[in-house]
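Examining the three-dimensional arrangement
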Amino acid sequence: MKIKPGFNLETENGQTFIACDKSINPDYNASIFLNDRAVFLWKMLQNGNTTKDQMLSGLLEKFDISTVLALDDIDVIIRTLRENGILEE
């Protein structure tokens with residue numbers, strides 16, 4: 001899985017959100033804000049073909065969270081990105 005071209009992260013007033021290049025997708029107008037763990041997963045997905053197992057390992061290494069919470073974070077970001085047409089399978 002990876003992020004489709006034209007989608008990037010932006011930070012404003014301390015909040016990180018997904019921004020879209022309107023020349024690529026003029027109809028995109030969702031507001032999706034990300035917490036620190038979601039930003040970490042986004043960066044993994046931006047780097048290229050990332051698997052769910054790699055995402056789990058990365059979260060558990062970087063953050064002091066349980067496997068259950070990490071898997072929930074992964075499921076939420078994958079579902080959110082799919083629903084908004086941001087994720088390339």
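Parameters at a glance
Residues numbered from 1 in each chain as written. Predicted model: local features only at pLDDT ≥ 70, side-chain atom pairs only at ≥ 80, totals over all residues. Heavy atoms only, no water. Salt bridge = Lys/Arg side-chain N within 4 Å of Asp/Glu carboxyl O. Helix = DSSP H or I, 4+ residues; strand = E, 2+ residues; numbered from the N terminus. Buried < 20%, exposed > 50% of the residue type's maximum accessible area, 1.4 Å probe, protein only. Arc of directions from axis to C-beta. Contact = heavy atoms within 4.5 Å. Core = buried A, V, L, I, M, F, W, Y, C linked by side-chain atoms within 4.5 Å. Pairing = 2+ DSSP bridges.

In this section: the pattern of salt bridges. According to the stated counting rule, one finds four salt bridges in the structure shown. Here Glu 88 ties to Lys 2 by a salt bridge, and the two come within 3.5 Å at their closest N and O atoms. Remark: Lys 2 occurs in strand E1 (residues 2-3) and Glu 88 occurs in strand E5 (residues 87-88); sequence separation between them is 86 residues. Of the residues examined, Glu 88 reaches a relative accessible area of 29% and is grouped as partly exposed. One salt bridge in this structure joins Arg 82 and Glu 89, with 2.6 Å as the shortest N-O distance. Residue class for Glu 89 comes out exposed when judged on its relative accessible area of 62%.

Residues of helix H2 (residues 52-62) that are buried: Met 55, Leu 56, Gly 58 and Leu 59. An end-on view of H2 places all buried positions within 165 degrees of arc, on one side of the element. Facing away from the buried side of H2 by over 90 degrees, the exposed positions are Asp 53 and Glu 61. Next to the buried residues of H2 lie helix H1 (36-46) and helix H3 (67-83).

Another aspect to go through is the environment of Leu 60. The residue Leu 60 is located in helix H2 in this model. If we skip the residues at most four places from it in the chain, Leu 60 touches Ile 65, Ser 66, Thr 67 and Ala 70.

A separate point is the nonpolar core. Among the nonpolar cores identified, the biggest contains 26 residues, and Ile 18, Met 55, Leu 81 and Ile 86 are the most heavily contacted of them. Looking at this core, the elements that each hand over two or more residues are strand E3 (15-20), H1, H2 and H3. With six residues, the single largest contributor to this core is H1. Here Leu 81 is in contact with Ile 3, Ile 18, Trp 42, Leu 45, Ile 86 and Leu 87, once residues within four sequence places are set aside.

What follows deals with the pairing of strand E2 (residues 7-12). Summarising the sheet, E2 and E3 pair through six bridges and their orientation is antiparallel. In the sheet register, Asn 8 faces E3, and the bridge partner there is Ala 19. Count of turn residues in the E2/E3 antiparallel hairpin: two residues, of which Asn 13 carries a positive phi of about 55 degrees.

Bringing the pairing of E3 into the picture now. Put simply, side chains in a regular strand alternate between the two faces of the sheet. Burial analysis of E3 places five of its six residues in the buried class, which makes it a mostly covered element. Alignment of E3 against strand E4 (residues 33-34), held across two bridges, turns out to be antiparallel. In the sheet register, Thr 16 faces E4, and the bridge partner there is Leu 34.

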